[in-house]
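Architecture at a glance
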Amino acid sequence: MSLESVRARIAAATRAAGRPEGAVTLVAVSKVQPLERVEAVLDAGQRVFGENRVQEAAGKWPALRERFAGVTLHLIGPLQTNKAKQAVELFDAIQTLDREKLAAKLADAMAATGRTPALFVQVNTGDEAQKAGVAPEAADGFIEACRRDYGLTPAGVMAIPPADADPAPHFRLLREIGARNGLAGLSMGMSGDFEAAIAEGATHVRVGSALFGERDYG
Ligand SMILES: *Cc1c(COP(=O)(O)O)cnc(C)c1O
């Protein structure tokens, strides 16, 4: 699907939800995609991208940023503490803050570099053992600790609902967690469900395959 049609679907879903134009940011998830596909989307005007690995992003984005001005990069995959500093240097948003040790490392890295990427707290809305994120019932306490103990100012919350479930209840749960903690950013919705996420209040949708085509992990 073209960038234009994804944008049109986002605009239509935003309107249908009675939300203002531009309320939803498209994060184009470029992980694993061949460079020529990423370049094509950049050529078409997209500037906000998501990557799930620090190493992969470090290998391709510095050169792309020299050619395309105004790129904003979101980290949407799990972050190891030993890569926190590199992530702070490379990314404009880190969506996967989910534990105190990482909060401490990010706070140190932000102080050391003077950079202030937007931070989203990842919530494991489905309580899935294999998935990163704080448990829903631990989210309020964790967000409070980020603010009080580490001096961080989270911008939002992020979730990846279970693959086999209706995502809508997970989107609502995330919205409630964001609202009661005073966090405006809601990163939710992927290729298969971004319209449903927009209906539930998403401010950031993370769209990969619908935009770039299937990922080839071969
Ligand atoms: C890969 C990925 C996406 C994009 O998934 P698609 O289904 O290809 O749109 C979104 N969010 C996260 C966290 C991802 O890892």
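Everything numeric here is computed off the predicted structure, so don't read it as measured data. (Residues numbered from 1 in each chain as written. Predicted model: local features only at pLDDT ≥ 70, side-chain atom pairs only at ≥ 80, totals over all residues. Heavy atoms only, no water.)

Take the pattern of salt bridges next. One pass over the full model with this rule turns up 14 salt bridges. With its nearest N and O atoms 3.2 Å apart, the salt bridge here joins Glu 56 to Lys 60. Linking Glu 56 with Lys 60, this pair stays in helix H3 (residues 54-67), spanning 4 residues, or about one helical turn. Judged by its relative accessible area of 22%, Glu 56 is partly exposed. One salt bridge connects Glu 89 with Lys 85, and the closest N-O pair in it is separated by 3.6 Å. Remark: Lys 85 and Glu 89 occur in helix H4 (residues 84-90); sequence separation between them is 4 residues, near one turn of the helix. Given a relative accessible area of 42%, Glu 89 falls into the partly exposed group. Of the residues examined, Lys 85 reaches a relative accessible area of 44% and is grouped as partly exposed. (Salt bridge = Lys/Arg side-chain N within 4 Å of Asp/Glu carboxyl O. Helix = DSSP H or I, 4+ residues; strand = E, 2+ residues; numbered from the N terminus. Buried < 20%, exposed > 50% of the residue type's maximum accessible area, 1.4 Å probe, protein only.)

The values reported here are purely geometric and, on their own, carry no functional implication.
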